[in-house]
Structures are given as structure tokens and as C-alpha cells.
Amino acid sequence: MQSLELSIPSAAPSVQGLVQLVNHFLAASKAPATRKAYSADLRDYSGFCTMIGLPLFAPGGEVLALYIADLASRGKKPSTIVRRMAALSTEYHARGFQVTPASSFLVQEVLQGVKRTLGVAPEDRKDPLLLDDLERIVAACPKRLIGIRDRALCLLGFALGSRRAELAALEVGDLTLAGDRRGIIVTIRRGKEDQQQQGRKVPVAFGANPETCPWRAVAARCQAANIND
């Protein structure tokens with residue numbers, strides 16, 4: 001993946017500090033996982049162009065249209081193909097192209113045809129965790145500190161509907177009692193869909209069943225941790 005970097009060799013030291021800051025922000029513009037995925041996409045596209053003997057970064061959309069057809073023939077899902085086009089668009093722009101062929105009428109029409117032909121319904125979705133499953137999980141947690149922690153994480157994560165990374169990033173300071181003291185407010189500082197760290201606050205009500213109440217489980221975890229410290 002082409003690395004976009006600002007360079008002003010003859011600038012004063014004070015300007016060079018700003019140049020370094022610009023390059024820091026450029027590096028932070030994409031998440032590491034996105035950069036890794038884009039690099040893999042570019043390698044795949046490069047191999048395709050080598051195989052058919054056509055240039056990697058042609059100005060027109062013909063090569064990209066052929067690549068889309070190749071991806072579809074290999075059983076790639078429309079969502080994967082769209083991501084590949086996004087990766088290649090980013091690469092075109094990084095190499096100085098003002099207009100990327102991925103946005104051309106030809107490429108967009110081929111993409112539309114792929115979606116209509118293959119469909120865009122999500123595949124391979126995991127079965128949801130149901131309340132009965134949750135009750136069995138928390139019942140199996142041991143009574144020692146690690147089990148109390150796991151129980152609190154399971155119940156709070158279920159109530160929030162949060163991702164693993166969001167749950168793992170939570171700290172005690174992210175939990176506050178609601179104004180009516182009938183629940184808690186959980187601050188999710190950053191998530192997969194919130195790359196700019198706007199954050200969000202999620203209310204969690206007290207559970208009617210003490211065995212599956214997330215607030216009681218979190219309070220028990222905090223109490224147990226204080227006792228063992």
C-alpha cells in the first residue's frame with residue numbers, strides 16, 4: 001500500500017515539526033486493521049494484473065471491471081468486492097490520481113450488476129446468544145474472583161449488546177449510577193463504528209432477576225476486587 005507522506009526538505013525547523021505532525025495524522029487516518037486489509041487487497045489486484053498482462057494503475061476503468069468479474073468468478077461476496085474497490089480507490093489517490101477509475105460509470109454499473117446477481121444479504125451470521133444460554137453461562141462461572149469477573153462481563157456485555165473490544169476497554173470510571181438510581185449509564189468511549197472517538201452513553205436498567213442483573217454483577221465484582229486487594 002502506497003504510504004502518503006508530506007515532505008518539505010528546505011523548511012525551517014519549526015515547519016519541520018508541523019510536517020512530522022501532518023505525517024502522524026496521515027498515519028492515523030486509517031486503522032491498522034484497515035491498512036492490513038487494504039495491503040492484502042492490493043497484492044491480490046497486483047497478482048491479477050500480472051496474470052492478464054495489463055497495467056496495475058491504468059487511468060480507465062476497464063481493468064477494474066475485469067477484476068470485479070474475476071472476483072465474482074472466485075466466489076467473493078459483493079461486500080468484499082466493494083471493499084476491494086475502496087482499497088484501490090485509496091491507492092489511486094495516494095499515487096496522485098485526481099479521479100479514481102473505481103468511481104467511473106463502467107465500474108459502478110458492473111458493481112451494481114454483481115449486487116443484483118449475487119445479492120447483498122449478509123452471510124455466515126453467528127447465532128445470537130439467548131437469555132437461556134446466558135443463564136447457563138453465568139451459572140457455570142466459579143465463585144472465586146475470576147468467575148465473578150467473567151459473570152459481570154457476560155451480563156454487562158449482554159445488556160449493552162457491545163463488541164468484545166468495547167467491553168474489554170471499559171473501566172470502572174465508565175460506569176455511573178443513573179439519575180433515578182434505577183440503573184447505570186455506561187460510557188462506550190470508542191467502537192468499531194466510532195473511529196473518531198465521539199463515544200456514546202448507554203443506559204442499563206437494573207434486572208428484575210438478581211441472578212442476571214448486570215449492575216448487581218458489576219457491584220459484586222468491584223466489592224470482591226476491593227476485598228482481595
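Being a predicted model, the structure only gives us computed values, none of them experimental.

Before going further, it helps to spend a moment on the pattern of salt bridges. Close approach of charged atoms allows side chains of opposite charge to pair. Enumeration over the complete set of coordinates arrives at nine salt bridges. In this structure, Glu91 and Arg95 form a salt bridge, with 3.1 Å as the shortest nitrogen-oxygen distance. For Glu91, a relative accessible area of 2% puts it in the buried group. Judged by relative accessible area, Arg95 falls into the partly exposed class, the value being 39%. Between Arg149 and Asp150 there is a salt bridge, with its nearest N and O atoms 2.7 Å apart. Here the salt bridges do not stand alone but share partners, grouping Asp41, Asp44, Asp70, Arg74, Arg83 and Arg84 into one network.

With that out of the way, let us pick up the sheet that holds strand 1 (residues 175-177). Taking strand neighbours across the sheet as the criterion, the three strands line up as 1-2-3 in an open arrangement whose pairing is antiparallel. Two strands in the sheet have a free side with no partner beyond their single neighbour: strand 1 and strand 3 (200-205). Sheet twist, expressed as the average angle between the axes of neighbouring strands with direction ignored, equals 30°. Sheet topology places strand 1 next to strand 2 (residues 183-188); three bridges connect them, and they run antiparallel. Bridging across to strand 2, Thr176 finds its partner in Ile185. Running at roughly 80° to strand 2, helix 7 (residues 145-160) makes contact with strand 1, strand 2 and strand 3 of the sheet.

Attention now goes to the packing of aromatic side chains. A full pass over the atoms with the stated rule returns four aromatic pairs. With centroids separated by 5.3 Å and ring planes inclined at 45°, the aromatic side chains of Phe48 and Tyr67 adopt a geometry described as tilted. Highlighted residues: Phe48 in helix 2 (residues 32-52) and Tyr67 in helix 3 (residues 62-73), separated in sequence by 19 residues. Of the two residues examined, Phe48 and Tyr67, each falls in the buried class. Arranged with centres 4.8 Å apart and planes meeting at 75°, the rings of Tyr92 and Phe97 form a pair that is edge-to-face.

Attention shifts here to the environment of Cys154. As for its placement among the helices and strands, Cys154 is situated in helix 7. Take Cys154: its relative accessible area is 28%, and that puts it in the partly exposed class. Cys154 sits 60 residues away from Pro214 along the chain, and the two C-alpha atoms are 8.3 Å apart. Every residue in contact with Cys154, bar those within four places of it in the chain, is listed here: Leu134, Ile137 and Val138.

What follows concerns the layout of surface pockets. The calculated volume of the largest pocket comes to roughly 380 Å³. Every element with two or more residues in the lining of the largest pocket is listed here: helix 7 and helix 8 (164-168). Grouping the constituent residues of the lining of the largest pocket by class yields four nonpolar, three polar and four charged.

So, on to the nonpolar core. Core analysis: the largest hydrophobic core is formed by 19 residues, its most contacted members being Tyr45, Leu64, Tyr67, Ile68, Met85 and Leu88. Only helix 2, helix 3, helix 4 (78-94) and helix 5 (105-118) provide two or more residues apiece to this core. By residue number, the principal contributor to this core is helix 3, which donates five residues. Not counting residues up to four positions away in its chain, the partners in contact with Leu64 are Tyr45, Met85, Leu88, Tyr92, Pro101, Ala102 and Val107. By size, the runner-up hydrophobic cluster in this structure holds 16 residues, among which are Val138, Leu155, Ile184 and Val186.

Glancing now at the packing of helix 6 (residues 131-140) against helix 7. Running from N to C, helix 6 and helix 7 point in directions that differ by 165°, and their axes come no closer than 10 Å. Looking at the two axes, helix 6 sits roughly antiparallel to helix 7. By crossing handedness, the relation of helix 6 to helix 7 is classed as left-handed. Taken together, the residues of helix 7 that come into contact with helix 6 (itself represented by Leu131, Leu134, Ile137 and Val138) are Arg151, Cys154, Leu155 and Phe158. Here the residues of the contact of helix 6 with helix 7 are counted per class, giving seven nonpolar, no polar and one charged.

Reading the values: rules and limits
Residues numbered from 1 in each chain as written. Predicted model: local features only at pLDDT ≥ 70, side-chain atom pairs only at ≥ 80, totals over all residues. Heavy atoms only, no water. Salt bridge = Lys/Arg side-chain N within 4 Å of Asp/Glu carboxyl O. Buried < 20%, exposed > 50% of the residue type's maximum accessible area, 1.4 Å probe, protein only. Pairing = 2+ DSSP bridges. Helix = DSSP H or I, 4+ residues; strand = E, 2+ residues; numbered from the N terminus. Axes fitted to C-alpha atoms, helices over the stretch in contact; angles between N-to-C directions. Contact = heavy atoms within 4.5 Å. Phe/Tyr/Trp six-rings, centres within 6.5 Å; stacked < 30°, edge-to-face > 60°. 1 Å grid on protein atoms, 1.4 Å probe; cavity = no way out; pocket = protein on both sides within 12 Å on 5 of 7 lines; lining within 4 Å. Points joined across faces, edges and corners; volume = space filled by probe spheres on them. Nonpolar A, V, L, I, M, F, W, Y, C, P; charged D, E, K, R; others polar. Core = buried A, V, L, I, M, F, W, Y, C linked by side-chain atoms within 4.5 Å. Parallel < 35°, antiparallel > 145°, perpendicular 65-115°, else oblique. Left-handed = near helix turned anticlockwise from the far one by under 90°.

Purely spatial values, then, with no claim about function.
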